[in-house]
Amino acid sequence: MTDALVASLGMYDFPWTAAANDALWAAVAERLRAAGVDAPHGLSRGGDLREIWRNPKLIFGQTCGYPYIKQLRGAVALIATPIYAFAGCQGSSHRSVIVANIRRTRRALVDFAGARAAINGRDSNSGMNLFRATIAPIAQGRAFFGQVMVTGSHEASLAAVSGGEADIAAIDCVSFALLQHWRPELTQNVETIAHSPRSPALPFIMSADLAKAHLGAVRAALFAALEDPALKAPRATLGLAGAEILSDADYDRVARIEQDAIAAGYPTLA
């Protein structure tokens, strides 16, 4: 394995946000190098995000809250949790918007029993865990949907609902806002019918192996970049209004949401 450090911002790295992510990272990296940290000059793109999250040379990354509480605790350190300015976000928390096609005959959430649901992945907090929590009170301990299709991304889930291949999906509110702005053809045929519970937003992380030596410098570089007037436009593109340092215990909220669904007799989104 190379000794070079790795940085990744793959969670919201759409083609239309890539330049903004590059600008944000360049500002963080410049400050890190000034502090004596040999930060990479560019973001890593492509490859399996799960492997990137576990890379012992990861100096900066972003993960989903569900993989964090299920798999990554101890392997990564929390840098900070972003504060997004989009609808549905509140401080460092976010939620999912539950969307359905505007041409549907079903109206209330309970009417979607037997419907086709789309999720981006079984390990997604916003696409699965928060969706499951929303359905659990009305599922009454039984399978609720007729089909659950795994699409691989929020963009693909939204396309499935917009195009009629699926009836309902849960979309992370940050992804929804970005897609609403940059790919309006995917959102003009859907509408929001419900919202999920809130949970902490997707945290910025780094390898636990690097945290003892570099966590303070990485945090300082990030917060300086988030306050830099020269980055106003990239931050606006990303919807970044700031960040907050949350503890590992704050992410127990994600686990409690899962446990509440299990206690309601709905352990699997189905």
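Predicted model, so just to flag it, every value in this text is computed and none were measured.

## What to know about empty space enclosed by the protein
Applying the stated criterion across every chain yields a total of one cavity of 30 Å³ or more. When its volume is computed, the largest cavity comes out at roughly 80 Å³. Lining the largest cavity, in full, are Leu9, Tyr12, Asn21, Leu24, Gln62, Tyr84, Phe204, Leu238 and Leu240. Partitioned by chemical class, the residues of the lining of the largest cavity number seven nonpolar, two polar and no charged.

## Quick look at the side chain of Arg132
Inspection of the secondary structure puts Arg132 in helix α4 (residues 125-139). Here Arg132 falls in the buried class, since its relative accessible area comes to 3%. Within polar-contact distance, the side chain of Arg132 engages the backbone oxygen of Pro267 at 2.7 Å. The contact partners of Arg132, leaving out residues within four places of it in the chain, are Tyr66, Glu258, Ala261, Tyr266, Pro267, Thr268 and Leu269.

## What about the packing of aromatic side chains?
All chains considered together, the criterion is met by eight aromatic pairs. With a centroid separation of 5.0 Å and an interplanar angle of 80°, the aromatic rings of Phe144 and Phe145 are classed as edge-to-face. With a relative accessible area of 7%, Phe144 lands in the buried category. Given a relative accessible area of 8%, Phe145 falls into the buried group. The rings of Phe14, Trp16 and Trp182 are connected pair by pair, giving a single aromatic cluster.

## What to know about the layout of surface pockets
Which parts of space are left empty comes out when a probe the size of a water molecule is rolled across the atoms. Reported here for the largest pocket is a volume of approximately 480 Å³. Taken together, 24 residues form the lining of the largest pocket, with Met11, Asn120, Gly152, Ser153 and His154 sitting closest to its centre. At the level of elements, α2 (49-53) and α5 (154-163) are the ones that each hand at least two residues to the lining of the largest pocket. In terms of residues, the lining of the largest pocket owes the most to one element, α2, which gives three residues. Here the residues of the lining of the largest pocket sort into eight nonpolar, 10 polar and six charged.

## Brief notes about α5
Restricting attention to buried positions, one finds in α5 the residues His154, Ser157, Leu158, Ala160, Val161 and Ser162. Phi for Gly164, located one or two positions after α5, is positive at around 90°.

## Looking at the nonpolar core
If you look at the biggest cluster of nonpolar residues, it comprises 57 residues, and the most contacted ones within it are Trp25, Leu32, Ile59, Phe60, Ile79 and Met206. Per element, the largest residue contribution to this core is eight residues, and it comes from helix α8 (residues 208-227). Discounting chain neighbours no more than four positions away, the residues touching Ile79 are Ile59, Phe60, Phe204, Ile205, Met206, Leu215, Val218, Arg219, Leu222 and Ile245. Judged by nonpolar contacts, the second largest core, of 35 residues, contains Val6, Ile135, Ile168 and Tyr251.

## Quick look at the pattern of salt bridges
This structure, assessed with the given rule, holds 15 salt bridges. Of the charged contacts, one joins Arg106 and Asp167 as a salt bridge, the two residues approaching to 4.0 Å between their closest N and O atoms. You can see Arg106 sitting in the loop between β5 (96-101) and β6 (116-119) and its partner Asp167 sitting in the loop between α5 and β8 (168-172), a full 61 residues away along the chain. What makes Arg106 partly exposed here is its relative accessible area of 25%. Through salt bridges with shared partners, one network takes in Asp13, Asp22 and Arg45.

## Concerning the sheet that holds strand β12 (residues 240-244)
Spatial strand order, β1-β2-β11-β3-β12: five strands in an open sheet with mixed pairing. Either end of the sheet is taken by a strand with one partner, and the two such strands are β1 (6-7) and β12. Pairing between β1 and strand β2 (residues 58-62): two bridges, direction parallel. Along β2, the bridge assignment pairs Val6 with Leu58.

What counts and what doesn't
- Residues numbered from 1 in each chain as written.
- Predicted model: local features only at pLDDT ≥ 70, side-chain atom pairs only at ≥ 80, totals over all residues.
- Heavy atoms only, no water.
- 1 Å grid on protein atoms, 1.4 Å probe; cavity = no way out; pocket = protein on both sides within 12 Å on 5 of 7 lines; lining within 4 Å.
- Points joined across faces, edges and corners; volume = space filled by probe spheres on them.
- Nonpolar A, V, L, I, M, F, W, Y, C, P; charged D, E, K, R; others polar.
- Helix = DSSP H or I, 4+ residues; strand = E, 2+ residues; numbered from the N terminus.
- Buried < 20%, exposed > 50% of the residue type's maximum accessible area, 1.4 Å probe, protein only.
- Polar contact = N/O pair within 3.5 Å; in protein donor to acceptor, adjacent residues only side chain to side chain.
- Contact = heavy atoms within 4.5 Å.
- Phe/Tyr/Trp six-rings, centres within 6.5 Å; stacked < 30°, edge-to-face > 60°.
- Core = buried A, V, L, I, M, F, W, Y, C linked by side-chain atoms within 4.5 Å.
- Salt bridge = Lys/Arg side-chain N within 4 Å of Asp/Glu carboxyl O.
- Pairing = 2+ DSSP bridges.

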